[in-house]
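# Reading the structure
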Amino acid sequence: MTALVIGVDGGGTSTRCVVATVSGEVAGRGYGGGSNILSSADPGGSLRGALLAALAGLDPGEVTAGVFGLAGGDSARERTEAVAAEAWRAAGLAGRPSVVSDVLAAFAGATAEASGAVLIAGTGAVAARIDDRRVTGRADGYGWLLGDEGSGTWIGRRAVRAVLASVDGRAAPTALLGCFGGDAAEPEPSRSPGQAGSGQAASGSAGQAGPGSAPSAPSALEIVRLVHAGIAESGPAWLARLAPAVEAAARDGDAAATAILDEAARRLDATVGALGPVSGPLVLAGSLLTEPTLLAGKVRAGLAGTVVTARDSAAGAAALALHAAGPGAVPDPLAAHRRLIG
């Protein structure tokens, strides 16, 4: 019998699961949808799907421990633990997993050091101080409605607001209108930046153009309805889907998109700064900071010290399970940790 541990990294957009041996070798991987308790549509289903996929061909009876690093869990601890335990049982596993913050899993997935700090910017955003593989301080991470400043969801909200301001005449045209099927190069007639549009104009229908004319841009009301429909179907994480469009528009020189990314970077740097002096590496995690984005470059420019890019947060969660397994259960937890995160 080969003893196994499980690590899960659950964010607002996706869930990743790693099954590992106690020597630090990956035995299985699985993926699912978002599992952020605060913003995902079906966190339990996503966790269950990722677990079952990772365990395909393996014996669930060989699993001795599991750690779930879940976004949003600190704000709804009781519910998060209940959802995690239910998914664990549904996958045929005995006992129950430990639930930790996703920031701890991200840190452990990038370095085998025991202390440092981590900044995550994906669907949500949070920074944390890590001491001896425990979270001892944090900033932001309050969810899409109250915080997560600089996150994909925050960027998406700012993009919608910029588009609405452009459509009703409070701001200049922006290429971000293309997210909703409009053409930023042709603002509605009789509108100019600083002029408020009438309520009647905002309630018009897109595509109702006269003979021989181009389809009109979507109205503000239509954009609002589309956004609410997206959130109703997929949860607030739907807003984060607009972040790539903001990145693309900024690369093309769009002023509104550039301003959004500049502000996002300032807020993320301020979130890290709120932790105070930190000894050890600073890990950057989340798709907005681990991919070669404009935002990542802007954030890095405002940071000092040793900065490390996150690798595999699910493997990090599995590494935490190795360290927590207890004396004798894992021959060399540190060596297994290093092997697991590669």
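Residues numbered from 1 in each chain as written. Predicted model: local features only at pLDDT ≥ 70, side-chain atom pairs only at ≥ 80, totals over all residues. Heavy atoms only, no water.

Spatially, S8-S7-S6-S9-S10 is the arrangement adopted by the five strands of the open sheet, whose pairing is mixed. Strands with a single pairing partner mark the edges of an open sheet, and in this sheet they are strand S8 (134–140) and strand S10 (307–309). Averaged over all pairs of adjacent strands, the angle between their axes in this sheet comes to 25 degrees, without regard to strand direction. Inspection of the sheet shows strand S9 (residues 282–285) paired to S10 by three bridges, in the parallel sense. Paired with Val 283 across the bridge in S10 is Val 308. (Pairing = 2+ DSSP bridges. Helix = DSSP H or I, 4+ residues; strand = E, 2+ residues; numbered from the N terminus. Axes fitted to C-alpha atoms, helices over the stretch in contact; angles between N-to-C directions.)

Glancing now at the pattern of salt bridges. Applying the stated criterion across every chain yields a total of eight salt bridges. Here Glu 149 and Arg 267 are joined by a salt bridge, their closest N and O atoms 3.2 Å apart. Remark: Arg 267 occurs in helix H8 (residues 255–273) and Glu 149 occurs in the loop between S8 and helix H4 (152–167); sequence separation between them is 118 residues. When its relative accessible area of 22% is taken as the criterion, Arg 267 is described as partly exposed. The salt bridge partner of Lys 298 is Asp 262, with a shortest N-O separation of 2.6 Å. Separated by 36 residues along the polypeptide, Lys 298 in helix H10 (residues 294–301) and Asp 262 in helix H8 bring together distant segments of the chain. A relative accessible area of 26% places Asp 262 in the partly exposed class. (Salt bridge = Lys/Arg side-chain N within 4 Å of Asp/Glu carboxyl O. Buried < 20%, exposed > 50% of the residue type's maximum accessible area, 1.4 Å probe, protein only.)

Attention shifts here to the packing of helix H11 (residues 313–323) against helix H12 (residues 333–341). Between two packed helices, what matters for the description is the angle formed by their axes and the separation of those axes. Two numbers describe how H11 lies on H12: the axes approach to 9 Å, and their chain directions differ by 170 degrees. As judged from the angle between their axes, H11 and H12 are roughly antiparallel. Two secondary-structure elements touch here, H11 through Ala 315, Ala 318, Ala 319, Leu 322 and His 323 and H12 through Pro 333, Leu 334, Ala 336, His 337, Leu 340 and Ile 341. The class makeup of the residues in the contact of H11 with H12 is nine nonpolar, two polar and no charged. (Parallel < 35°, antiparallel > 145°, perpendicular 65-115°, else oblique. Contact = heavy atoms within 4.5 Å. Nonpolar A, V, L, I, M, F, W, Y, C, P; charged D, E, K, R; others polar.)

Pairing of strand S7 (residues 125–131) with S8 involves six bridges; the strand directions are antiparallel. Within S8, the position partnered with Ala 127 by the bridge is Ala 139. The turn linking S7 back onto S8 is made up of two residues, and Asp 132 within it adopts a positive phi angle of 50 degrees.

So, about the confidence of the model for the chain. Looking at the chain, pLDDT values average 85 and 87% of them are 70 or higher. A low-confidence stretch, residues 185–214 stays under pLDDT 50, and its non-local contacts, those more than four residues away or across chains, total 41 contacts. (pLDDT = per-residue confidence, 0-100.)

On to the side chain of Ser 101, then. Here Ser 101 shows up in strand S5 (residues 98–101). Take Ser 101: its relative accessible area is 8%, and that puts it in the buried class.

Another aspect to go through is a nonpolar patch on the surface. A cluster of nonpolar side chains, Tyr 142, Leu 145 and Leu 146, forms an exposed patch at the surface whose accessible area comes to about 390 Å². Residue placement: Tyr 142 occurs in the loop between S8 and H4. Since its relative accessible area comes to 52%, Tyr 142 is described here as exposed. (Patch = residues over 30% accessible without salt bridge, like charges linked within 9 Å, V, L, I, M, F, W, Y side chains within 5 Å. Areas by Shrake-Rupley, 256 points an atom, 1.4 Å probe, with all protein chains shown as cover.)

Residue position: Thr 293 is located in the loop between helix H9 (287–290) and H10. Look at Thr 293 and you get buried, because its relative accessible area is 18%. As for Thr 293 and Ala 248, which are separated by 45 residues in sequence, their C-alpha atoms are 9.5 Å apart. Apart from the residues lying within four places of it in its own chain, the contact partners of Thr 293 are Glu 247, Arg 251, Ser 287 and Leu 288.

Another point: unusual backbone geometry. Working note: non-glycine residues mostly have negative phi, and peptide bonds are mostly trans. For Asp 132, which is not a glycine, the phi torsion comes out positive at approximately 50 degrees. Summarising the element assignment, Asp 132 is placed in the loop between S7 and S8. On the basis of relative accessible area, Asp 132 is assigned to the exposed category, the value being 51%. The residue Arg 133 is not glycine, and still its phi comes out positive at about 60 degrees. Within the fold, Arg 133 resides in the loop between S7 and S8.

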